[in-house]
Amino acid sequence: MCIRDRGVFGSFLQHLDEKGWFDDMYIGIDERPNMQLAFKVIQSVKNRDGKTLKISAAANHFDGSFKEVADQIDDLSIGTPHFKAKKDAFKRFVEDRRLKGLKTTLYTATEEYPNSELFNQPGESYYTVLYGAKYHTNGFLRWAYDALVKNPRTDLSHWAFEAGDTQQIYPGADGTIKPESSVRLEKLAEGIRDVNKLYQIKATDSSLADEVDNLLDK
């Protein structure tokens, strides 16, 4: 099926082409069984240059039969608890995807530990970013940034998720929607800055590469 066959999805791709946004757009899918069925739909419609949309997804496993599915995902995020018993296999998985030009990140959400919820220690947010660098992943993903509860400045309780799981920011104290950051978000940002400093050190002075790698491997 090409973009001329229209439909809602075809119209969406045409809109992306017209705006020049196509190459920056991903279709994202969370942890669902049989997500390859959605891939068939995504890959059946092409834009004016004959390209299909890139796919991003979160998953709670990475090995076994899922490897074939993973090869169709341009940017795949794996939950931190789901590889702790298979760390060497996960390193190989990340490297194999890198050689194929595919991205791999880590994510945290809900009951995972360490985490960035209200009652987690701030250092846990920092740690998770460095943990991703240890496994040579491309970055870090977190659910969620701004899925605000009803009265987020006074009570972060949620009927389904742990307190703070749904947001890393708060609405402004003056009643405006201008967001205010949380300690949790600032510690994530600190971890991102420090990891990028380490990458820059490696790129600038190769004599320090082993020292950086040893630091991240601890």
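Residues numbered from 1 in each chain as written. Predicted model: local features only at pLDDT ≥ 70, side-chain atom pairs only at ≥ 80, totals over all residues. Heavy atoms only, no water.

## A word on the overall build of the chain
For the chain, the count of helices and strands is seven helices and seven strands. Ordered by position in the sequence, the α and β elements of the chain form the string α-β-α-β-α-β-α-β-α-β-β-β-α-α. Here the C-alpha coordinates of the chain stretch approximately 50 × 50 × 35 Å along the principal axes. Within the chain, buried positions represent 38% of all 218 residues. Within the chain, counting contacts between residues at least 6 apart in sequence, those at least 24 apart form 56% of the total. Counting only carbon and sulfur atoms, one obtains 53% of the accessible surface of the chain, whose full area is about 13000 Å². Considering the chain, the positive charge centre built from 30 side chains and the negative charge centre built from 34 side chains are found 2 Å apart. (Helix = DSSP H or I, 4+ residues; strand = E, 2+ residues; numbered from the N terminus. Buried < 20%, exposed > 50% of the residue type's maximum accessible area, 1.4 Å probe, protein only. Contact = heavy atoms within 4.5 Å. Areas by Shrake-Rupley, 256 points an atom, 1.4 Å probe, with all protein chains shown as cover. Lys, Arg positive; Asp, Glu negative; His and termini not counted. Charge placed at Lys NZ, Arg CZ, Asp CG, Glu CD.)

## Focus on the nonpolar core
Residues M35, F66, I73, L76, F83 and F90 are the most contacted members of the largest nonpolar core, which totals 26 residues. Those elements giving two or more residues to this core turn out to be α1 (7-19), α2 (36-43), β2 (54-59), α3 (66-70), β3 (75-79) and α4 (87-99). Aside from chain neighbours lying at most four places away, what touches F66 is M35, A59, H61, I73 and L76. Counting residues in hydrophobic clusters, the runner-up holds seven residues, among them L188, L198, V212 and L216. (Core = buried A, V, L, I, M, F, W, Y, C linked by side-chain atoms within 4.5 Å.)

## Looking at unusual backbone geometry
In most cases, non-glycine residues show a negative phi, while peptide bonds are predominantly trans. With an omega of -5°, the peptide bond between Y113 and P114 qualifies as cis. Looking at the element boundaries, P114 is found in the loop between β4 (103-108) and α5 (122-134). Look at the link from W143 to A144: it is a cis peptide, with omega at -5°. In this fold, A144 is placed in the loop between β5 (139-142) and β6 (169-170). One non-glycine residue with positive phi stands out, namely T110, at about 45°. Mapping T110 onto the fold places it in the loop between β4 and α5. Positioned with a positive phi, H136 is a non-glycine residue whose angle comes to about 60°. Structurally, H136 can be placed in the loop between α5 and β5.

## Structural notes on the side chain of Q167
In this structure, Q167 sits in the loop between β5 and β6. Using a relative accessible area of 0% as the deciding quantity, one classes Q167 as buried. Among the polar contacts made by the side chain of Q167, one reaches the main-chain carbonyl oxygen of I169 at a distance of 2.6 Å. Setting aside residues no more than four positions away along its own chain, Q167 makes contact with A144, Y145, D146, A147, L148, V149, P152, L156 and R184. (Polar contact = N/O pair within 3.5 Å; in protein donor to acceptor, adjacent residues only side chain to side chain.)

## Points about the pattern of salt bridges
Summed over the entire model, instances satisfying the criterion amount to 13 salt bridges. A salt bridge links D71 to K100; its shortest N-O distance comes to 3.0 Å. With a gap of 29 residues between them, D71 in the loop between α3 and β3 and K100 in the loop between α4 and β4 connect regions that are remote in the sequence. Two residues, R153 and E180, come together in a salt bridge whose shortest N-O distance is 3.2 Å. Here R153, found in the loop between β5 and β6, pairs with E180, found in strand β7 (residues 180-181); they are 27 residues apart in sequence, far enough to count as distant. Residue R153 is classed as partly exposed on the basis of its relative accessible area, which comes to 43%. Note on E180: relative accessible area 32%, which makes it partly exposed. Within this structure, D71, D96 and K100 form a network of salt bridges that share partners. (Salt bridge = Lys/Arg side-chain N within 4 Å of Asp/Glu carboxyl O.)

## Things to note about helix α6 (residues 183-204)
Compared with the 32 Å implied by 1.5 Å per residue over 22 residues, the 31 Å span of α6 between its first and last C-alpha is a close match. Within α6, the full set of buried residues consists of R184, L188, G191, D194, V195 and L198. Projected down its long axis, α6 shows its buried positions confined to an angular sector of 125°, all on one face. Counted as exposed and oriented over 90 degrees from the buried face of α6: V183, K197, A203 and T204. (Expected span 1.5 Å × (residues − 1). Arc of directions from axis to C-beta.)

## Section: the environment of K86
Here K86 shows up in the loop between β3 and α4. For K86, a relative accessible area of 39% translates into the label partly exposed. C-alpha separation for the pair K86 and L188, spaced 102 residues apart in sequence, amounts to 25 Å. Look past the residues within four positions of K86 in its chain and what remains in contact with it is F62 and D63. Within the structure, K86 has its side chain in polar contact with the side chain of D63 (distance 2.6 Å).

Remember that the coordinates give geometry; whether it matters functionally is a separate question.
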